[in-house]
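So the chains spell out like this:
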Amino acid sequence: EAIVDFNASPFKALKDAGCCEIMIKVEQCCRNGAITTINPDNFYTDAMINICAIGNKCNTSPQLSTPPVAYICCNQPFTYNNGVREIVDGDSLSYDLGNPLSANNTNITYSGSFTANIPMTPYCPPNPGVINCRALPNAKPPRGFYFDRETGDIVFTPTKCDEVGVIVIVITEWRKDSLTKKWVKIGFTRRDMQLVVKQCPDNNPPYFTGNNKYSVCEGNKICFSIFAKDDPYLPKQTRLDTVALTWNYGIPGATFTIVDPKAREKEALFCWQTKVGDARPNAYTFTATAKDDNCPRPASANKGFTVTVKPKARAKRQLEVLDCGKFRFTSWPADTVNYNVKNYRYQWTIRDSLNTGTPLFFGFNKSDSIKFKRGGKYIIEHQITNPPYNCPSIYTDTVIIPPVLDVQLKF
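All values derive from a computational prediction rather than experimental measurement.

*Asks:* Please explain the overall build of the protein chain as it appears in this structure.
*Replies:* Within the protein chain one finds one helix and 28 strands. For 411 residues, the compact-globule estimate of 2.2 N^0.38 gives 22 Å, and the protein chain exceeds it by more than 25% at 29 Å. Buried positions account for 42% of the 411 residues belonging to the protein chain. Considering only contacts in the protein chain between residues 6 or more positions apart, those separated by 24 or more positions represent 64%. Counting every atom, the protein chain has about 22100 Å² of accessible surface; 52% of that belongs to carbon and sulfur. Positive and negative side-chain charges of the protein chain, numbering 48 and 38 respectively, have mean locations separated by a distance of 7 Å.

*Asks:* Mind showing me how you'd approach the environment of Ile-108 here?
*Replies:* With respect to the element layout, Ile-108 can be found in the loop between β9 (106–107) and β10 (146–147). A C-alpha to C-alpha distance of 11 Å links Ile-108 and Val-166, two positions 58 residues apart in sequence. Every residue in contact with Ile-108, bar those within four places of it in the chain, is listed here: Arg-31, Ile-38, Asn-39, Pro-40, Asp-41, Asn-42, Asn-99, Pro-100, Leu-101 and Ser-102.

*Asks:* How should the pairing of strand β22 (residues 315–321) be read in this particular structure?
*Replies:* When a strand is regular, its side chains alternate between the sheet's two faces. Summarising the sheet, β22 and strand β23 (residues 326–333) pair through seven bridges and their orientation is antiparallel. Considered in β23, the bridge of Arg-317 is made with Ser-331. Connecting β22 to the next strand, β23, in antiparallel fashion are four residues, including Cys-324 with a positive phi near 60 degrees.

*Asks:* For this particular structure, what's the right way to read the sheet that holds β23?
*Replies:* Backbone-to-backbone hydrogen bonds join strands into a sheet, with any given pair of strands oriented parallel or antiparallel. Spatial ordering of the open sheet is given by β22-β23-β26, a layout of three strands whose pairing is antiparallel. The open sheet has two edge strands with one neighbour each: β22 and β26 (367–371). On average, each strand axis in the sheet is tilted by 15 degrees relative to the strand beside it, whichever way the strands run. In this structure, β23 lies alongside β26, joined through five bridges in antiparallel fashion. Following the sheet pairing, Arg-328 is matched in β26 by Ser-369.

*Asks:* Is there a simple way to think about the pairing of strand β20 (residues 284–291) in this case?
*Replies:* A large share of β20 lies buried, amounting to six of its eight residues. Strand direction decides the pairing type here: strand β17 (residues 244–247) and β20, joined by four bridges, are antiparallel. Bridging from a neighbouring strand, Leu-245 pairs with Ala-290 of β20.

*Asks:* Help me out: how do you make sense of the packing of aromatic side chains in this one?
*Replies:* For any pair of aromatic rings, geometry is given as the distance between the ring centres together with the angle between the planes. Taken as a whole and judged by the stated rule, the model has 22 aromatic pairs. Between the aromatic rings of Trp-247 and Phe-270, the centroid separation amounts to 6.1 Å while the plane-to-plane angle is 80 degrees, which identifies the pairing as edge-to-face. With a gap of 23 residues between them, Trp-247 in strand β17 and Phe-270 in strand β19 (residues 266–273) connect regions that are remote in the sequence. Classification of Phe-270 by relative accessible area gives buried; the value is 0%. Measuring from centroid to centroid gives 5.5 Å for Trp-247 and Phe-286, while their planes differ by 85 degrees, and the two rings are edge-to-face. Taken together, the residues span a long stretch of sequence, with Trp-247 in strand β17 and Phe-286 in strand β20 at a distance of 39 residues. Lying across the ring of Tyr-284, Arg-280 places its NZ or CZ 3.8 Å from the centre. The cationic tip of Lys-366 hangs over the ring face of Trp-332; the distance from NZ or CZ to the ring centre is 3.8 Å.

*Asks:* I'm lost on the pattern of salt bridges in this one. Help?
*Replies:* Oppositely charged side chains are able to pair whenever their charged atoms sit close together. Applying the stated criterion across every chain yields a total of 18 salt bridges. A salt bridge links Arg-31 to Asp-192; the shortest N-O distance between them is 2.9 Å. With Arg-31 in the loop between β1 (21–28) and β2 (43–50) and Asp-192 in strand β13 (residues 183–198), the pair connects residues that are 161 residues apart, well separated along the chain. Taking the relative accessible area as the measure of exposure, Arg-31 reaches 10% and is therefore buried.

*Asks:* What's the story with the environment of Phe-43 in this structure? I'm lost.
*Replies:* Within the secondary structure layout, Phe-43 lies in strand β2. Separated by 149 residues in sequence, Phe-43 and Asp-192 have C-alpha atoms that sit 9.1 Å apart.

*Asks:* Can you help me understand the state of the cysteines in this one?
*Replies:* Linking two cysteines covalently via their sulfur atoms produces the bond known as a disulfide. Tallied over the full model, the rule gives seven disulfides. A sulfur-sulfur distance of 1.5 Å marks the disulfide that ties Cys-29 to Cys-30. Looking at Cys-29, the relative accessible area reads 56%, which means it is exposed. Residue Cys-223 pairs covalently with Cys-271 via a disulfide, S to S 2.0 Å. Between Cys-223 and Cys-271, the disulfide has an S-S torsion of 120 degrees and is therefore right-handed. With Cys-223 in strand β16 (residues 221–229) and Cys-271 in strand β19, this residue pair connects regions lying 48 residues apart in the sequence. Looking at Cys-58, it has no disulfide partner, and the nearest cysteine sulfur is the one in Cys-52, 15 Å off.

*Asks:* Teacher, can you tell me more about the sheet that holds strand β15 (residues 213–217) here?
*Replies:* The mixed open sheet is built from four strands, whose spatial order is β15-β21-β20-β17. Pairing within the sheet leaves two strands with one partner each, and these edge strands are β15 and β17. Pairs of neighbouring strands in the sheet enclose a mean axial angle of 25 degrees, with direction left out of account.

*Asks:* What is the right way to look at the side chain of Thr-189 in this model?
*Replies:* Looking at the secondary structure, you find Thr-189 in strand β13. Its relative accessible area of 13% is what places Thr-189 among the buried residues. Residue contacts for Thr-189: discarding those within four places in its chain leaves Ala-47, Ser-61, Pro-62, Ile-169, Val-170 and Ile-171.

What counts and what doesn't
Residues numbered from 1 in each chain as written. Predicted model: local features only at pLDDT ≥ 70, side-chain atom pairs only at ≥ 80, totals over all residues. Heavy atoms only, no water. Helix = DSSP H or I, 4+ residues; strand = E, 2+ residues; numbered from the N terminus. Rg over C-alpha atoms; globule rule 2.2 N^0.38 Å. Buried < 20%, exposed > 50% of the residue type's maximum accessible area, 1.4 Å probe, protein only. Contact = heavy atoms within 4.5 Å. Areas by Shrake-Rupley, 256 points an atom, 1.4 Å probe, with all protein chains shown as cover. Lys, Arg positive; Asp, Glu negative; His and termini not counted. Charge placed at Lys NZ, Arg CZ, Asp CG, Glu CD. Pairing = 2+ DSSP bridges. Axes fitted to C-alpha atoms, helices over the stretch in contact; angles between N-to-C directions. Phe/Tyr/Trp six-rings, centres within 6.5 Å; stacked < 30°, edge-to-face > 60°. Lys NZ or Arg CZ within 6 Å of the ring centre and 35° of its normal. Salt bridge = Lys/Arg side-chain N within 4 Å of Asp/Glu carboxyl O. Disulfide = S-S within 2.5 Å.

This is the structure in structure tokens:
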């Protein structure tokens, strides 16, 4: 352990000189000699923190809840997620695949046709030896090597039964600058994963069905079900596996409830009551893990889920009661995400004090006016919408129109 203070000598000179992206690097001998997809060489990795972008705030690297080493079954679908949790700072994350390193700025070359984006041998029918076929993660079994940049999911069916591979994921943290409102890269973390392909007993691993990407308007509540299935390996498997379904608590304040704990295949209900202010371009993520109880080696699957919180349209209303029953109303958008003012949609409805029946007025202008023939209490409802987010806010106001002297003069 070490503490490095960039506000004190001698490191303050670096900060004063504008050296913002501070790299932390480590080298260790040696990688597993059984690795087949690269020349094992030394283990080397790094991380970065932008000390200028974080200002007086702190930055904690994302926590990773899934072990980086896994035994995977040959010719059986494999779904993996690092179980990233960013709950301390709430930073936005993006994911990429990277090259393994052996020294500072020194990439290890993959053997054969392998690359950072296709680092192991996937199922690519009908031609044996082909690894760069189009990725179809939802096929049965999955085809090609699939990586999801939003969730960090890795999905493929390994077909080389003695392969030991290295996959590197780069997790980048983003934070909005309070002054410019632009998203700034404040750091990244690299992680090397080692996957060992083995011949396994006759068993199908569990898998997830349905959607894994959702959206909700800020301030609203979202609930959806997560299904973990496990098909028997027929005709050889006579004892059906029971699935355990868990999550990594990746979204603070959300709940993950197993609907029927006694069921063989599990269903979980995820719910989250968002708050106004939770909206951001990058999604919130969590990881669900399904694990069977097959002997002698249980199989598991990890899948990332995303919830994008969309900004709500907001407005300030200017309501003016003028002379002789004249009433003027204007909507001023209260932008929170640099949204183009021209894209907002407006709707005004005016009803009497009972707030029932056909509206006295219905309009779609940003600003408009009406002349009342009779004084009294009226209900003004204003809706502002922000396509394509389509997250409206509805405001209800009560106005009192003074008694109107309606005199018609005839000459």
